[in-house]
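Chain residues, written in single-letter form:
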Amino acid sequence: EPLRHFEGRLKKALASTVADLMSEDPVTIDPDASVGEAGRLIVRRGHNRLPVVEHGRLVGVVTRVDVLEALTRDEA
């Protein structure tokens, strides 16, 4: 796994097109999903952001910071 991760990072570093950079099968989330579900998915998959997709169309992006802010909003 570490070698595969390194190879992926090397490929992206040498990329000349967006197609070389993109994830072919991205992990996405539905806009109706809960904040907790988004957080769990981000943690399990080790991502920093999740595309939000509705009916096959990108409608937004949720980041780790978005999830943290939503979960700690009431504590401030």
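Treat the numbers as computed from the prediction; the structure is a model and nothing was measured.

## Points about helix α1 (residues 2-13)
Phase 1: In this model, α1 (twelve residues) spans 16 Å end to end at C-alpha, consistent with the 16 Å of a helix rising 1.5 Å per residue.
Phase 2: Little of α1 sits inside the fold, with zero of its twelve residues counted as buried.

## Points about the layout of surface pockets
Phase 1: Empty space within the largest pocket amounts to approximately 840 Å³.
Phase 2: As for the largest pocket, its lining consists of 21 residues, and the residues nearest its centre are K12, L21, M22, S23 and H47.
Phase 3: It is α1 that contributes the most residues to the lining of the largest pocket, six residues altogether.
Phase 4: The class makeup of the residues in the lining of the largest pocket is five nonpolar, six polar and ten charged.

## Here's the deal with helix α3 (residues 35-45)
Phase 1: Residues A38, G39, L41 and I42 constitute the buried set of α3. Seen along its axis, α3 keeps its buried residues to an arc of 165°; they face one direction. Seen from the buried face of α3, the exposed residues on the opposite side, beyond 90 degrees, are V43 and R44.
Phase 2: At the C-terminal side of α3, G46 shows a positive phi close to 70°.

## Overview of the confidence of the model for the protein
Phase 1: Put simply, the protein has an average pLDDT of 89, and 96% of its residues get 70 or more.
Phase 2: The least confident element of the protein, judged by mean pLDDT, is α1 at 81; the most confident is strand β2 (residues 57-63) at 97.

## Focus on a negative patch on the surface
Phase 1: A cluster of acidic side chains, namely D30, D32, E37 and E54, defines a negative patch on the protein surface.
Phase 2: The topology assignment puts D32 in the loop between α2 (18-21) and α3.
Phase 3: Residue D32 is classed as exposed on the basis of its relative accessible area of 69%.

## A short note on the nonpolar core
One broad trend across soluble globular proteins is that nonpolar side chains are buried collectively.
Phase 1: Within the largest apolar cluster, eight residues are counted, these being V27, I29, A38, L41, I42, L50, V52 and V67.
Phase 2: Every element with two or more residues in this core is listed here: α3 and β1 (49-54).
Phase 3: Element by element, the count of residues in this core is highest for α3, at three residues.
Phase 4: Setting aside residues up to four positions removed in sequence, I42 forms contacts with H47, L50, V62, T63, R64 and V67.

Analysis parameters
- Residues numbered from 1 in each chain as written.
- Predicted model: local features only at pLDDT ≥ 70, side-chain atom pairs only at ≥ 80, totals over all residues.
- Heavy atoms only, no water.
- Helix = DSSP H or I, 4+ residues; strand = E, 2+ residues; numbered from the N terminus.
- Expected span 1.5 Å × (residues − 1).
- Buried < 20%, exposed > 50% of the residue type's maximum accessible area, 1.4 Å probe, protein only.
- 1 Å grid on protein atoms, 1.4 Å probe; cavity = no way out; pocket = protein on both sides within 12 Å on 5 of 7 lines; lining within 4 Å.
- Points joined across faces, edges and corners; volume = space filled by probe spheres on them.
- Nonpolar A, V, L, I, M, F, W, Y, C, P; charged D, E, K, R; others polar.
- Arc of directions from axis to C-beta.
- pLDDT = per-residue confidence, 0-100.
- Patch = residues over 30% accessible without salt bridge, like charges linked within 9 Å, V, L, I, M, F, W, Y side chains within 5 Å.
- Areas by Shrake-Rupley, 256 points an atom, 1.4 Å probe, with all protein chains shown as cover.
- Salt bridge = Lys/Arg side-chain N within 4 Å of Asp/Glu carboxyl O.
- Lys, Arg positive; Asp, Glu negative; His and termini not counted.
- Charge placed at Lys NZ, Arg CZ, Asp CG, Glu CD.
- Core = buried A, V, L, I, M, F, W, Y, C linked by side-chain atoms within 4.5 Å.
- Contact = heavy atoms within 4.5 Å.

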